[in-house]
Amino acid sequence: FWIAFFSPRSDHPMAWLGKRRRVVNEQQFYPGVFDCMAYNLQFIYDFGSPSFPPGVTIRWPGWGSAVESCAYLDDKKQIPLWHTIIQTLQNYSYVDGVNLRAAPYDWRAAPFGFEKYFVMLQTLVEETFLNNNKTPVALTSLSMGGPVTVAFLNRMDQKWKDTYIHSFTSFSGVFGGSSWAPMSVANTNTGFYAISGQTLNALIRTWGSLMWLFPFSSVFPNETVYVTPERTYTTSDSDLIELLIDSSTSDSDVDVTIYKEVMKWRQFSAPGVAMNCMYGTEINTAKVIQSTSWDQQPTYTNGTGDGTVLMPSLDVCKTWQRHQTQPIVQHGFPGINHAGLIQAPGAIRVLLQSLG
């Protein structure tokens with residue numbers, strides 16, 4: 001999942017981007033090596049905030065630089081992410097590190113671990129505003145970056161937003177969760193012969209971001225999300241906690257504690273800024289996960305969405321308009337999938353138009 005930001009320059013909005021950066025290489029998936037990688041990528045919890053294992057240090061790559069941190073997913077520059085948008089903005093005279101900025105974040109973390117990040121983000125917004133003739137900043141995000149950005153805006157007062165924020169453009173925002181999240185956490189079948197399913201599952205369960213992205217009961221009230229031979233799990237918080245307990249291969253107390261913490265962050269207020277809400281439509285998207293066993297590949301029945309996120313989750317932004325005066329405009333793109341939206345010419349045009 002990614003987050004990205006934009007900010008306007010003196011005559012039109014400046015750009016702010018962010019993403020997840022590859023933190024492993026192919027060799028780390030070899031037999032006998034993956035356990036070391038799993039150790040490095042886990043979170044340790046003593047509640048409050050998650051911490052890293054002894055000897056592990058995490059740094060944000062290219063903080064403030066869109067080119068360094070956001071253009072590609074890999075160091076070999078073979079998997080483009082924000083590259084097309086960055087290049088387009090540079091063609092419109094945006095300058096990396098000046099009015100084209102980046103705020104990469106730790107995509108494993110749940111929002112209760114974002115305190116430091118939110119402070120850094122606020123500072124970066126204010127710095128960019130001041131360095132560009134006090135021009136308000138335009139934010140943009142992809143996928144989980146949407147709820148991260150709204151969580152950030154929800155903690156800021158309206159005066160701050162009126163001063164520093166020009167607009168917010170969301171690509172494929174996961175504002176109500178996704179059925180893929182509980183499948184990733186509950187199932188131990190990796191599909192890779194070299195990787196222990198239990199090792200990978202234990203690692204993933206320390207990533208609070210996935211539990212944050214379980215389907216929200218407020219968006220999918222009392223809907224079935226996971227079915228096993230023993231029982232059916234709905235989107236209610238109590239059922240999702242039971243899913244964590246029943247599918248756990250070890251002590252589930254930490255899993256439950258993480259989920260109860262993220263529950264506090266699963267209700268969003270209106271962002272309080274002008275917003276473009278963009279998403280793909282009319283693609284079969286997993287809705288109900290069906291599993292005969294936790295260690296077997298699950299199957300699923302489909303609903304409609306962008307291939308990763310169902311329409312009710314993508315559509316949450318429309319409910320915010322009645323709670324704010326700033327406009328929220330929705331843009332659906334038939335047949336464009338979740339990650340592909342930031343490469344779609346029509347979506348890029350919407351972004352450029354919002355920047356002026």
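For the structure itself, look to the data block above.
The notes below deal with the structure included here. (Residues numbered from 1 in each chain as written. Predicted model: local features only at pLDDT ≥ 70, side-chain atom pairs only at ≥ 80, totals over all residues. Heavy atoms only, no water.)

### Structural notes on the sheet that holds strand 6 (residues 232–234)
(1) Moving on: One open sheet accounts for four strands, arranged 6-5-8-9; its pairing is mixed. The open sheet has two edge strands, strand 6 and strand 9 (299–305), and neither has a second partner. Taking the axes of each pair of neighbouring strands and ignoring which way they run, one obtains an average angle of 40 degrees across the sheet.
(2) Moving on: As paired strands, strand 8 (residues 283–290) and strand 9 are joined by seven bridges and run antiparallel to one another. By the bridge assignment for strand 9, valine 288 is matched with threonine 301. (Pairing = 2+ DSSP bridges. Helix = DSSP H or I, 4+ residues; strand = E, 2+ residues; numbered from the N terminus. Axes fitted to C-alpha atoms, helices over the stretch in contact; angles between N-to-C directions.)

### Considerations on the state of the cysteines
(1) Moving on: Applying the stated criterion across every chain yields a total of one disulfide.
(2) Moving on: The disulfide bridge from cysteine 277 ends at cysteine 317, spanning 2.0 Å between sulfur atoms. Taking the torsion about the S-S bond as the criterion, the cysteine 277 to cysteine 317 disulfide, at about -85 degrees, is left-handed. Linking cysteine 277 in strand 7 (residues 275–281) with cysteine 317 in the loop between helix 12 (311–314) and strand 10 (328–334), this pair joins segments that are 40 residues apart in sequence. (Disulfide = S-S within 2.5 Å.)

### A short note on the side chain of arginine 101
(1) Moving on: Relative to the helices and strands, arginine 101 resides in strand 2 (residues 100–102).
(2) Moving on: One polar contact links the side chain of arginine 101 to the main-chain carbonyl oxygen of glycine 64, over a distance of 3.0 Å. (Polar contact = N/O pair within 3.5 Å; in protein donor to acceptor, adjacent residues only side chain to side chain.)

### Quick look at the sheet that holds strand 10
(1) Moving on: Spatially, four strands are ordered 3-4-7-10 in an open sheet, and the strand pairing comes out parallel. The outermost strands of the open sheet, each flanked by one partner alone, are strand 3 (137–142) and strand 10. The mean inter-strand angle of the sheet, taken between neighbouring strand axes irrespective of direction, is 15 degrees.
(2) Moving on: Here six bridges tie strand 3 to strand 4 (residues 165–171), and the two strands are oriented parallel to one another. Bridging across to strand 4, threonine 140 finds its partner in threonine 169.

### Side note on helix 10 (residues 237–247)
(1) Moving on: Here helix 10 has its buried residues at Asp239, Leu240, Ile241, Leu243, Leu244 and Ser247.
(2) Moving on: Those residues of helix 10 that are buried lie in contact with helix 7 (180–186), helix 9 (208–212), strand 5 (224–227), strand 6 and helix 11 (253–263). (Buried < 20%, exposed > 50% of the residue type's maximum accessible area, 1.4 Å probe, protein only. Contact = heavy atoms within 4.5 Å.)

### Notes on the environment of glutamine 326
(1) Moving on: Residue placement: glutamine 326 occurs in the loop between helix 12 and strand 10.
(2) Moving on: For glutamine 326, a relative accessible area of 19% puts it in the buried group.
(3) Moving on: With 53 residues separating them along the chain, glutamine 326 and valine 273 place their C-alpha atoms 5.7 Å apart.
(4) Moving on: Glutamine 326 has contacts with Gln158, Asp162, Gly272, Val273, Ala274 and Gln321, leaving out every residue within four places of it along the chain.
(5) Moving on: A distance of 3.2 Å separates the side chain of glutamine 326 from the backbone oxygen of glycine 272, its partner in a polar contact.

### Comments concerning the packing of aromatic side chains
(1) Moving on: Counting across every chain of the model gives 20 aromatic pairs.
(2) Moving on: Summarising the aromatic geometry, the rings of phenylalanine 129 and tyrosine 164 are spaced 4.7 Å apart at their centres and angled 65 degrees between planes, so their arrangement reads as edge-to-face. With phenylalanine 129 in helix 4 (residues 115–131) and tyrosine 164 in helix 6 (residues 158–164), this residue pair connects regions lying 35 residues apart in the sequence. Like tyrosine 164, phenylalanine 129 is buried.
(3) Moving on: Taking the centre distance of 5.6 Å and the plane angle of 40 degrees together, the rings of tyrosine 226 and tryptophan 294 count as tilted. On the criterion of sequence distance, the pair formed by tyrosine 226 in strand 5 and tryptophan 294 in the loop between strand 8 and strand 9 is long-range, its members being 68 residues apart.
(4) Moving on: Assessed through its relative accessible area of 0%, tyrosine 226 is described here as buried. (Phe/Tyr/Trp six-rings, centres within 6.5 Å; stacked < 30°, edge-to-face > 60°.)

### Remarks on the packing of helix 3 (residues 83–91) against helix 13 (residues 345–355)
(1) Moving on: For the pair helix 3 and helix 13, the least separation of the axes is 11 Å and the interaxial angle reads 40 degrees. One finds that helix 3 runs oblique with respect to helix 13. The way helix 3 lies across helix 13 gives a crossing that is right-handed. Between helix 3 and helix 13, the residues in contact are Thr84, Ile85, Thr88 and Leu89 and Ile348, Leu351, Leu352 and Leu355, respectively.
(2) Moving on: Residues belonging to the contact of helix 3 with helix 13 are distributed by class as follows: six nonpolar, two polar and no charged. (Parallel < 35°, antiparallel > 145°, perpendicular 65-115°, else oblique. Left-handed = near helix turned anticlockwise from the far one by under 90°. Nonpolar A, V, L, I, M, F, W, Y, C, P; charged D, E, K, R; others polar.)

### Some details on the pattern of salt bridges
(1) Moving on: Per the counting criterion, the structure on display carries eight salt bridges.
(2) Moving on: Of the charged contacts, one joins arginine 108 and aspartate 106 as a salt bridge, the two residues approaching to 2.7 Å between their closest N and O atoms.
(3) Moving on: By relative accessible area, which is 16% here, aspartate 106 ends up buried.
(4) Moving on: Across the pair aspartate 255 and arginine 205 runs a salt bridge whose closest N-O atoms are separated by 2.7 Å. Within this pair, whereas aspartate 255 is found in helix 11, its partner arginine 205 is found in the loop between helix 8 (197–204) and helix 9, the two being separated by 50 residues in sequence. Neither aspartate 255 nor arginine 205 differs from the other in exposure class; each is buried. (Salt bridge = Lys/Arg side-chain N within 4 Å of Asp/Glu carboxyl O.)

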